[in-house]
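# What the coordinates show
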Amino acid sequence: IRKRMYELFAEHRRKKTVANILNKEGYRTRRGSQFTSKTIDRLLRDPTAKGWHVGNYTNRGTPEKPWAYKTEDEWVYTQCEPIVSEELWDTCNQILKDMDEAKPAPAKKPVQLFAGLAFCECGTRMYVPSNSPKYVCRNCRNKIPIQDLEEVFCEQLKNYFLSPEEIQKHLEQADDVIREKQELINVQQKELEKVHQEMDKVYGLYLDEQITKEGFGKRYKPLEERQKQLEESIPRLEAEIDFAKINKTSSDEMIYEAQTLFNQWSNFEPEEKRRIVESITDKITIGEGEINISLCYLPTSEEVAKRWRKGRDSNPRRACALA
């Protein structure tokens, strides 16, 4: 569940959304409570998930004086088995850091494909001035044509998607997804059995007149709600496993999808390109004769191709034009 929490947050970038998804799927905290955005925030920041458990970092509170953090030199780090990769942990915590530092005013909608993501090697953000065909650094006047930057970005993704290593990695990831979903089903089935036992126990207490009608309703209703969520979630996960097995793409199909995707890149609408760039790109650093593209999330070519096909098929006029 902790691992799924990180994956959901990396995808949706919203703590409340992650909490709602986990609650809807029937998951609960260790104490049996529903997840909240505050709980999600605390668990995402916990370095135990990436293999480092922190101890001795708080002073025990008293009724007169609440607990407080100790100085970092008193903290004790113990290595443990990681739940998620360090890269995924860093990605999620960078998002949290950005949220903490973000200004309350909403950002303007970007116009250019790499607006807000392109930086000069001097550290200054690069913009496209009015009536200019180039991204420009206002500090050192470093420049790069808009078209050149898009071609470099597209070529890097193309080389990645068509590499034998990426194809093999994709096939292995498909197996991992199926295995992880099966593990989730096992967890939920055990949880469902536990809920049934709790329901029988509460019902027995009611029959033995050890609890009142009001007390029975107060205890039984949350269990009934949890049972319903789990009974809806398990079949959904089973269907997702079946779908994943059917759609497990072969290496030949991946090559075909990637070639089709990049051959049609120039036909994408600007908002489609921006959506792909924004979802996988952390930062683009532009230097003298060198461009460094840092990706915060890299989907498989199959994922991107499916997004493209979905957008194309939802627009009959555009689909006809492409055909």
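## Regarding the packing of helix H1 (residues 2-12) against helix H3 (residues 37-45)
Look at H1 against H3: their axes get within 11 Å of each other, and the N-to-C directions meet at 100 degrees. With respect to H3, the axis of H1 lies roughly perpendicular. Within the contact between the two elements, H1 uses Arg2, Met5, Tyr6 and Phe9 and H3 uses Ile40, Leu43, Leu44 and Arg45.

## A closer look at the pairing of strand E7 (residues 134-137)
Successive side chains on a regular strand alternate, one facing one side of the sheet and the next facing the other. With 2 bridges connecting them, strand E6 (residues 126-127) and E7 associate as antiparallel partners. Within E7, the position partnered with Met126 by the bridge is Cys137. The loop that links E6 with its antiparallel partner E7 comprises 6 residues; one of these, Asn131, has a positive phi angle of about 60 degrees. In this structure, E7 lies alongside strand E8 (residues 143-145), joined through 3 bridges in antiparallel fashion. Bridging across to E8, Lys134 finds its partner in Pro145. Hairpin connection between E7 and E8: a loop of 5 residues separates the two successive antiparallel strands, and Arg141 in this loop has a positive phi of roughly 65 degrees.

## Here's the deal with the pattern of salt bridges
Once their charged atoms are close, side chains differing in charge can pair, the charge on each being opposite to the other. One pass over the structure, following the stated rule, counts 14 salt bridges. Between Arg45 and Asp41 there is a salt bridge; the shortest N-O distance is 2.7 Å. Of this pair, Arg45 and Asp41 both sit in helix H3, 4 residues apart, which is roughly one turn of that helix. Look at Asp41 and you get buried, because its relative accessible area is 16%. Of the charged contacts, one joins Lys273 and Glu150 as a salt bridge, the two residues approaching to 2.8 Å between their closest N and O atoms. Here Glu150 lies in helix H5 (residues 146-161) and Lys273 lies in helix H9 (residues 270-280), a separation of 123 residues in the sequence. Side by side, Lys273 and Glu150 carry an identical accessibility label, which is buried.

## Remarks on the confidence of the model for the chain
Caution applies to low-pLDDT regions: their predicted coordinates should not be interpreted in detail. For the chain, mean pLDDT is 80; residues scoring 70 or higher make up 78% of the total. Per-element mean pLDDT across the chain ranges from 33 in helix H11 (residues 316-322) up to 93 in strand E5 (residues 118-120).

## Considering the side chain of Asn93
Locating Asn93 in the fold gives a position in helix H4 (residues 86-101). By relative accessible area, Asn93 is classed as buried at 14%. With near-sequence residues (within four places) excluded, Asn93 lies in contact with Leu44 and Arg45.

## Topic: H4
If you check H4, its first and last C-alpha atoms are 22 Å apart, about what 16 residues at 1.5 Å a residue would give, namely 22 Å. Among the residues of H4, Leu88, Trp89, Thr91, Cys92, Asn93, Ile95 and Leu96 are the ones counted as buried. Looking at the buried positions of H4, the neighbouring elements they touch are H1, helix H2 (15-24) and H3.

## A word on the environment of Asp73
With respect to the helices, strands and loops of the structure, Asp73 is situated in the loop between strand E3 (68-69) and strand E4 (76-79). Using a relative accessible area of 66% as the deciding quantity, one classes Asp73 as exposed. Separated by 16 residues in sequence, Asp73 and Tyr57 place their C-alpha atoms 9.2 Å apart.

Conventions we followed
- Residues numbered from 1 in each chain as written.
- Predicted model: local features only at pLDDT ≥ 70, side-chain atom pairs only at ≥ 80, totals over all residues.
- Heavy atoms only, no water.
- Axes fitted to C-alpha atoms, helices over the stretch in contact; angles between N-to-C directions.
- Helix = DSSP H or I, 4+ residues; strand = E, 2+ residues; numbered from the N terminus.
- Parallel < 35°, antiparallel > 145°, perpendicular 65-115°, else oblique.
- Contact = heavy atoms within 4.5 Å.
- Pairing = 2+ DSSP bridges.
- Salt bridge = Lys/Arg side-chain N within 4 Å of Asp/Glu carboxyl O.
- Buried < 20%, exposed > 50% of the residue type's maximum accessible area, 1.4 Å probe, protein only.
- pLDDT = per-residue confidence, 0-100.
- Expected span 1.5 Å × (residues − 1).

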